[in-house]
Amino acid sequence: MSDRKEWNHVPDSLPIEIAPVWRWPLNLAAIFRWYVGSWLPVSINLVIVGLAFAAYALASPTLAQAKEPGLWIGVIWLRNFGLTVVVAQGLHLVFHRHQLQGTDKKFDPRPYPRKGRAFSFDSQLADNVFWSLASGVTIWSAYEALVWWAMANGYAPTLTWSGHPVWFVGLFLLIPIWESFYFYWIHRLLHTKLLYRIHALHHRNIDVGPWSGLAMHPVEHIFYFGTALVHFVVPSSPVHLICHLMFYGLYAITTHTGFEGLWLAGRKRVDLGTFHHQLHHRYFEVNYGTLEVPWDKWFDTFHDGTESAKARMKARLAARRRL
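As the structure is a computational prediction, the values presented were derived from the model and not from experiment. (Residues numbered from 1 in each chain as written. Predicted model: local features only at pLDDT ≥ 70, side-chain atom pairs only at ≥ 80, totals over all residues. Heavy atoms only, no water.)

Student: Before we go on, may I ask you to explain the pattern of salt bridges in this structure?
Tutor: Charged atoms that come close allow side chains of opposite charge to pair. The full count for this structure, using the stated rule, is 10 salt bridges. A salt bridge links Glu6 to Arg282; its shortest N-O distance comes to 3.3 Å. Placement of Glu6 in the segment before α1 (28-37) and of Arg282 in helix α9 (residues 275-283) is noted, with a sequence separation of 276 residues between them. When its relative accessible area of 16% is taken as the criterion, Arg282 is described as buried. The salt bridge partner of Asp271 is Lys268, with a shortest N-O separation of 2.6 Å. Residue classification places Lys268 among the partly exposed positions, given a relative accessible area of 34%. If you follow the salt bridges from partner to partner, you end up with Glu6, Asp108, Arg110, Arg282 and Lys310 in one network. (Salt bridge = Lys/Arg side-chain N within 4 Å of Asp/Glu carboxyl O. Helix = DSSP H or I, 4+ residues; strand = E, 2+ residues; numbered from the N terminus. Buried < 20%, exposed > 50% of the residue type's maximum accessible area, 1.4 Å probe, protein only.)

The following block contains the structure:
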C-alpha cells in the first residue's frame, strides 16, 4: 500500500487498475462494468456530452454562418470562458474556499492555493486563473473556430446523425480513447529537455485545484488543444468538435480538483480527481497518460500507487542518472 504519511487520502482500491479490456484473460463482465461506469448513472463524460449539445443549440454558429469570420468567433470564446469560470470556480468554492467536504478524500495534505514567487502574481490561484482564461480559453476557442470554418468550407469532412447514426454515437464513445493516445504522447514530448521549461508552468502545481487543470504556458496550450486537428481527417459534426474540446478543457479542470470525488450522505456521487494523475504531479515522471489505454505500462512509466511501484520508479530514475 502507498505510504499514507505522504498523502491525506489514498483510494481503497489500490493498486490502480487499467481498463479491463487490456487484461488477459478477458472478463466481459468487468469490461461492461468499466465502460458503463465511465458514463452512467452520473459522470463527467455524460455531463460534457450534455453541455456540448446545449452549446451547439444555444451558443454556436450554423455552418452557413461559419463560412466567413464574424461575431460567432466571439460567441464561442464567451461560451468557453463562461463554462470554464462556472466549472472551475464552482469546484474551487465547494472544495477549497468553503471546504464543504473538509479534507475528506483530498489526496495531498498540503493546502491549495498557496502564495509564493514560484507563481505569477505571487499567488497560485491568480496564476492558475490567468493562464487558464487568458491563454487556455483563447487557444481552445481559436482551434474550435478554425475547425468550424474548415467544416463550413469543405476543408474538414462532416457527417450527420441522419446519414450515419451509429458512427455519430460511436464518436462520443471514442473521444476518451483518442484522448488517451494523444495526451500520452504530447505529454511525453512536453517532458523532454527541449520543452519541459514550457511544461514547468503547469508543474508549479504540486498540489492541485480545479484552476490548475488548464494553467499552462500558451505553447503547451497549442500542443494540448491541437487534438482538434484530428477533425481534418475523421468525419464528424460540429457537436463532436464542441464535445471533444470541452472534454480536453473541462475534464482537465475536474480531474485536477484534488479530491477523489464529491461525497454526499456518505456516498460518492461523482468521480473527480484521479490518484493516477495526482501521482504524476507528485513524482513528475510517471503516469503521463490515462487508464483507458495502458501506454504507461507499455513504456514502463506506470505507477499504480503502491510502495513497490514507488521503488521501481526510484530504481529506474537512478539507473538513468548513471548513464
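Student: Please clarify how the nonpolar core should be interpreted in this entry.
Tutor: The tendency in soluble globular proteins is for nonpolar side chains to be buried side by side. Counting residues in hydrophobic clusters, the biggest one holds 59 residues, and the most contacted among them are Leu214, Tyr224, Phe225, Met246 and Leu250. Breaking this core down by element, the ones donating at least two residues are α2 (44-58), α3 (71-97), α4 (124-152), α5 (165-190) and α8 (238-255). Looking at this core, the element that brings in the most residues is α4, giving 12 residues. Each residue touching Tyr224, except ones within four places of it in the same chain, is listed here: Tyr182, Phe183, Leu214, Met216, Tyr248 and Ala252. (Core = buried A, V, L, I, M, F, W, Y, C linked by side-chain atoms within 4.5 Å. Contact = heavy atoms within 4.5 Å.)

Student: Help me out: how do you make sense of the packing of α3 against α8 in this one?
Tutor: Any two packed helices are characterised by how steeply their axes cross, that is the angle between the axes, and by the distance between the axes. Here α3 crosses α8 at 25 degrees, and the two axes come no closer than 10 Å. Taken together, the axes of α3 and α8 are roughly parallel relative to one another. Note on packing geometry: the crossing formed by α3 with α8 is right-handed. Counted together, Arg79, Leu83, Thr84, Val87, Ala88 and Leu91 of α3 and Ile242, Met246, Leu250, Ile253 and Thr254 of α8 form the full contact between these two elements. Its residues assigned to classes, the contact of α3 with α8 shows eight nonpolar, two polar and one charged. (Axes fitted to C-alpha atoms, helices over the stretch in contact; angles between N-to-C directions. Parallel < 35°, antiparallel > 145°, perpendicular 65-115°, else oblique. Left-handed = near helix turned anticlockwise from the far one by under 90°. Nonpolar A, V, L, I, M, F, W, Y, C, P; charged D, E, K, R; others polar.)

Student: I would appreciate a short explanation of the environment of Gly249 in the present structure.
Tutor: Within the element layout of this structure, Gly249 appears in helix α8. Since its relative accessible area comes to 0%, Gly249 is described here as buried. Separated by 24 residues in sequence, Gly249 and Phe225 place their C-alpha atoms 8.3 Å apart.

Student: What am I meant to see in the environment of Leu264 here?
Tutor: In this fold, Leu264 is placed in strand β1 (residues 261-264). Take Leu264: its relative accessible area is 47%, and that puts it in the partly exposed class.

Student: So what exactly am I meant to see when it comes to α8 here?
Tutor: Residues lying three or four places apart along an α-helix face the same way, a consequence of the helix completing one turn every 3.6 residues. Along its 18 residues, α8 runs 25 Å from first to last C-alpha, staying within 8% of the 26 Å computed at 1.5 Å per residue. The axis of α8 is deflected most strongly, by about 30 degrees, at Phe247. Of all 18 residues making up α8, 17 are buried, and the element is well covered by its neighbours. (Expected span 1.5 Å × (residues − 1). Bend = angle between axes of the 7 residues up to and from the residue.)

Student: I'm lost on the packing of aromatic side chains in this one. Help?
Tutor: How two aromatic rings sit relative to each other is set out by the distance from centre to centre and by the angle between their planes. Under the defined criterion, the tally for this structure stands at 29 aromatic pairs. For the pair Trp295 and Trp298, a centre-to-centre distance of 5.3 Å together with 85 degrees between the ring planes defines the contact as edge-to-face. One end of the pair is Trp295 and the other is Trp298, both in helix α10 (residues 295-298) and three residues apart, which spans about a single turn. Lying over the aromatic face of Trp263, Lys105 brings its terminal NZ or CZ to 4.8 Å of the ring centre. Here Arg282 stacks its cationic end above the ring of Trp7, 4.0 Å away from the centre of that ring. (Phe/Tyr/Trp six-rings, centres within 6.5 Å; stacked < 30°, edge-to-face > 60°. Lys NZ or Arg CZ within 6 Å of the ring centre and 35° of its normal.)

Student: What am I meant to see in the packing of α2 against α8 here?
Tutor: In contact at an axis separation of 9 Å, α2 and α8 are set at 135 degrees when each is read in the N-to-C sense. The orientation of α2 relative to α8 falls into the category oblique. Relative to α8, the crossing made by α2 is right-handed. Each of Ile44, Asn45, Ile48, Val49, Leu51, Ala52, Phe53, Ala55 and Tyr56 in α2 lies in contact with α8, whose residues at this interface are Pro238, Val239, Ile242, Cys243, Met246, Phe247, Leu250, Tyr251 and Thr254.

Student: Explanation requested: the side chain of Thr306 in the structure shown.
Tutor: Structurally, Thr306 can be placed in the loop between α10 and α11 (307-322). Assessed through its relative accessible area of 11%, Thr306 is described here as buried. At a separation of 2.6 Å, a polar atom in the side chain of Thr306 contacts the side chain of Asp304. (Polar contact = N/O pair within 3.5 Å; in protein donor to acceptor, adjacent residues only side chain to side chain.)

Student: Explain a nonpolar patch on the surface to me, please; I cannot follow it from the model alone.
Tutor: A surface patch of nonpolar side chains, amounting to about 1000 Å² of accessible area, comprises Val21, Trp22, Trp24, Leu26, Leu28, Phe181, Trp185, Trp298 and Phe299. Structurally, the position occupied by Trp24 is in the segment before α1. Look at Trp24 and you get exposed, because its relative accessible area is 75%. (Patch = residues over 30% accessible without salt bridge, like charges linked within 9 Å, V, L, I, M, F, W, Y side chains within 5 Å. Areas by Shrake-Rupley, 256 points an atom, 1.4 Å probe, with all protein chains shown as cover.)

Student: Which parts of the structure should I look at to understand the pairing of strand β2 (residues 267-271)?
Tutor: Along any regular strand the residues' side chains alternate between the sheet's two faces. Bridge count for β1 against β2 is four bridges, and the pairing is antiparallel. Bridge pairing links Leu264 to Arg267 in β2. Connecting the antiparallel pair β1 and β2 is a turn made up of two residues, with Ala265 showing a positive phi of about 55 degrees. (Pairing = 2+ DSSP bridges.)

Student: Help me understand unusual backbone geometry in this model?
Tutor: Leaving glycine aside, a negative phi is the common case for residues, and trans is the common case for peptide bonds. The omega angle of the peptide bond from Leu14 to Pro15 is 0 degrees, so this bond is cis rather than trans. Locating Pro15 in the fold gives a position in the segment before α1. Looking along the chain, the bond that leaves Leu40 and enters Pro41 is cis, with omega of -5 degrees. Its location among the elements puts Pro41 in the loop between α1 and α2. At Phe284, a residue that is not glycine, the phi angle is positive and equals roughly 70 degrees.

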